[in-house]
Amino acid sequence: MNKTVYIPKDFSASAMGVDKVLAEFYKEINKRQIEVEIIRTGSFGICWLEPLITIDVNGVRIAYGPVEESDVASLLDANILSGGEHPLKIGPVSDIDYIKNQERLIFHRAGFTDPLSISDYQQHGGFKGLQRALEIGSKAILDEVINSGLRGRGGAAFPTGIKWKTVYDTDVDQKFIVCNADEGDSGTFSDRMVMESDPYLLLEGMIIAGIAVGATMAYIYLRVEYPLSAEVLGNAVQLLYEKGMLGKNILGSDICFDVEIRIGAGAYICGEETSLLESLEGKRGEVRFKPPLPAIKGLFNKPTVVNNVVTLASVPVILEKGGAYYKDYGMGRSRGTLPFQLAGNIKQGGLVEKAFGLSLNEILYDFGGGSASGRPIRTVQVGGPLGAYIPESQFDTLLDYETFAQIGAMLGHGGIVVFDETVNMANMARYAMEFCAIESCGKCTPCRIGSTRGTEIIDKILSGENTELNLNLLDDLSTTMRDASLCAMGGLTPYPVMSAIKHFPEDFNI
Amino acid sequence: MDDKPLNALKIPQKLFDEYQNLPGALLPLLHAVQGAIGYIPDDAVPEIAKNLNLSRAEVHGVISFYHYFRTSPPGRVRIQLCRAEACQAMDSASLEQHVKSSLNIDYHQTTADGTYSLEPVYCLGNCACTPSIMINDQIYGQVSPQSFDNILSDLTIVEKDQG
Ligand SMILES: Cc1cc2nc3c(=O)[nH]c(=O)nc-3n(C[C@H](O)[C@H](O)[C@H](O)COP(=O)(O)O)c2cc1C
Ligand code: SF4
């Protein structure tokens, strides 16, 4: 039997040099004239060990990492193809604490399978949700999704089943599914990992959404910064068409469903759903007034489900195992699991899928192992650039939408950016305002003008000019932006700014 | 593009034909033009507008709204440096300073010899291995000033090898 080396094809692995490692493996295999198959997999999301390669030894995947180009010869010398000993040997992937202690309902295939192999996908439980969806039909699918308690993972945490039901109840000829793959928040990469490591999962979720609401056309709005996602997802769509699982009469049923990928153009605001729809229509990504909701009048004025990648990727397991099974995970009104992303100054950064309800402390220290620099962690920003900065005194906060809201923070898309004690919070507050100024769509004044004024005011505070007066001014400005902005871009920017001042006044010369 | 290479200002009718009937065709078309030519020349705007039945102002408005679209030629090596929080947490500021001073350009500029252009980017989704940069379509993680120099010299060697 041929031996197999599994090497990830993933943006982060690529960033850490996996392409050179791959080339070196080919070179060495050729030189040694040994029979080895190389299979490109997705990533396990253990980013700090990338490039992480695995070998199948009697059905168990043995991990080695992080592997550099210069390690390849010695790895082969050490007979890793049979699980041989080597300083880089970690042991069975599934025994690594980081993986073992997760609850992977969505990411259980990631890293193990070839993302584009339909048979791999099926052997590991793929398409069971779709199968059941086809059997039970729209109404029962809606019931399952409503019962699961699933809320949108893109940031706003709106109940997915309710959104779908609104579109279902609208009686028109054409409806759309739009997948929001704009993933603009710094510190987040779970959408990317779904698309690169398990693209059929997203597509399965989208087809189920289509069946549920009666939509036959779908768009995936993918950010231009993810070229590998575009490649993998593009191939996955193509392969499903060839298999008769997209297009007309899916799997012999009377269901038709088309999917098209559209590429964004580097505007953060296009992650906001109405701006995204404008962009899909070929326009400037200016935010629309709501109402009407996209579920009533969305893309080209038709009822549209806009859902985040992870939201849609959570649907297949709900259909396969039932809403009640999914709902069993989590706490309070946050049901199921969220793939948290540990980013920034963290020793063991990567993707941690867990049920809601663990504490920041647990995720930062038990999973993350503390800061990368070894210095104390001073603060974390959760939920992207519009999320509040949280001080260490609040690290016992449980990861749950409502608990976070209570401390004036948000979970958003589950990104956790870690900063050690060298961070200057006045700089971070300034950056939050500057980012808003750069990315504002310009439609409303509080955001468009406010963010520029805000940046100037913080500059004055930073240079020690009339500190007290300018702090008051900033406070007023923040209130105006929060209360009078048309969307959450201007409306939430005050949160990182004001939380930085509140928790770290010493950085503002106060 | 499979057939003839596009010369700077002439967009083949074939490209328009391909996108004309697509709903919301403007962004895909602009991507195709920039993918082929490297940027969207001002002279192309009237032609794009005519073919998609839009006004010039609309086309111009869209091009200027999106950071990714550019109206001047990029350098051969397009460097995108992440400015977002997860990279800042790992001192991307030092990297930024180093890149700017060693190339002697600021953001949105191209070196005089047309080799490098530098652009800010807000997150590349490599947030667990920061700071990140992207050069053309290749991503690099945990980039230090030192490793940035190595990356550039590797690129130069490859370019020389290819003549
Ligand atoms: C400024 C801004 C940026 C956003 N960016 C994203 C994004 O990148 N991805 C995303 O899924 N949702 C994003 N959202 C949230 C979307 O507007 C919307 O709530 C979401 O796509 C709905 O899908 P969900 O219910 O599945 O979360 C953003 C919202 C705002 C205000
Ligand atoms: S808050 Fe900012 S991004 Fe949102 S609509 Fe107003 S100007 Fe546009």
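### What about the overall build of chain B?
Scanning chain B from N- to C-terminus turns up seven helices and five strands. Reading chain B from its N end, one meets helices and strands in the order α-α-α-α-β-α-α-β-β-β-β-α. Each principal axis of the C-alpha distribution contributes one length, and for chain B these read about 50 × 40 × 25 Å. Counting across all 163 residues of chain B, residues that qualify as buried make up 52%. Looking at chain B alone, contacts between residues at least 24 apart form 59% of all its contacts between residues at least 6 apart.

### Quick look at the confidence of the model for chain B
Residues and elements named next belong to chain B. Mean pLDDT over chain B stands at 92; residues scoring 70 or higher make up 93%. For the stretch residues 1-8, pLDDT sits under 50, and the model shows 13 contacts to residues farther than four places along the chain or on other chains. The ipTM assigned to the predicted complex is 0.96, against a pTM of 0.97.

### Concerning the packing of helix 1 (residues 13-20) of chain B against helix 2 (residues 26-37) of chain B
Residues and elements named next belong to chain B. Helix 2 packs onto helix 1 with a crossing angle of 155 degrees between their chain directions and a minimal axis gap of 10 Å. One finds that helix 1 runs roughly antiparallel with respect to helix 2. Crossing of helix 1 against helix 2: the hand is right-handed. When helix 1 is examined against helix 2, the residues Leu-15, Phe-16 and Tyr-19 are found in contact with a partner set consisting of Pro-28, Leu-29, Ala-32 and Val-33. Of the residues assigned to the contact of helix 1 with helix 2, the class counts are seven nonpolar, no polar and no charged.

### A closer look at the state of the cysteines
Residues and elements named next belong to chain A. Summed over all chains, the structure comprises zero disulfides over all chains. The structure places no disulfide on Cys-436, whose sulfur is separated from the nearest cysteine sulfur, that of Cys-447, by 3.7 Å. For Cys-436, a relative accessible area of 0% translates into the label buried.

### Some details on the domain arrangement of chain B
For chain B, the domain assignment lists domain 1 (6-65) and domain 2 (77-162). Placing a centre on the C-alpha atoms of domain 1 of chain B and another on those of domain 2 of chain B gives a separation of 29 Å.

### Details of the site of ligand 1
Residues and elements named next belong to chain A. In the neighbourhood of ligand 1, 20 residues make up the surrounding shell, with Gly-154, Asn-180, Asn-307, Asn-308 and Thr-311 lying closest. Gly-184 has a polar backbone atom sitting 3.2 Å from an oxygen atom of ligand 1. Between ligand 1 and the protein, one listed contact pairs an oxygen atom with a side-chain N or O atom of Asn-307 at 2.8 Å. Bound to the protein, ligand 1 loses 91% of the 610 Å² it would expose on its own. Those elements that provide at least two residues to the shell around ligand 1 are strand 9 (304-308) and helix 19 (488-492). Its residues assigned to classes, the shell around ligand 1 shows six nonpolar, eight polar and six charged.

### Some thoughts on the domain arrangement of chain A
All names here are of chain A. You can read the domains of chain A as domain 1 (3-100), domain 2 (118-327), domain 3 (330-420) and domain 4 (425-508). Computed from C-alpha coordinates alone, the two centres of domain 3 and domain 4 are separated by 23 Å. Contact with domain 3, which involves 13 residues of that partner, is made by 15 residues of domain 4. Across the domain 3 to domain 4 interface the summed buried area is about 1200 Å²; carbon plus sulfur atoms make up 70%. The largest contributions to the domain 3 side of the interface with domain 4 come from Arg-378, Leu-386 and Tyr-389, which together make up 57% of the buried area. Linking domain 3 with domain 4 are two salt bridges, by the criterion used here. Here Arg-378 and Glu-506 are joined by a salt bridge, their closest N and O atoms 3.2 Å apart.

What counts as what
- Residues numbered from 1 in each chain as written.
- Chains lettered and ligands numbered in written order.
- Predicted model: local features only at pLDDT ≥ 70, side-chain atom pairs only at ≥ 80, totals over all residues.
- Heavy atoms only, no water.
- Helix = DSSP H or I, 4+ residues; strand = E, 2+ residues; numbered from the N terminus.
- Buried < 20%, exposed > 50% of the residue type's maximum accessible area, 1.4 Å probe, protein only.
- Contact = heavy atoms within 4.5 Å.
- pLDDT = per-residue confidence, 0-100.
- Axes fitted to C-alpha atoms, helices over the stretch in contact; angles between N-to-C directions.
- Parallel < 35°, antiparallel > 145°, perpendicular 65-115°, else oblique.
- Left-handed = near helix turned anticlockwise from the far one by under 90°.
- Nonpolar A, V, L, I, M, F, W, Y, C, P; charged D, E, K, R; others polar.
- Disulfide = S-S within 2.5 Å.
- Domains from an automatic or database assignment.
- Near = heavy atom within 4 Å.
- Polar contact = N/O pair within 3.5 Å; in protein donor to acceptor, adjacent residues only side chain to side chain.
- Areas by Shrake-Rupley, 256 points an atom, 1.4 Å probe, with all protein chains shown as cover.
- Buried area = accessible area lost by both parts, 1.4 Å probe.
- Salt bridge = Lys/Arg side-chain N within 4 Å of Asp/Glu carboxyl O.

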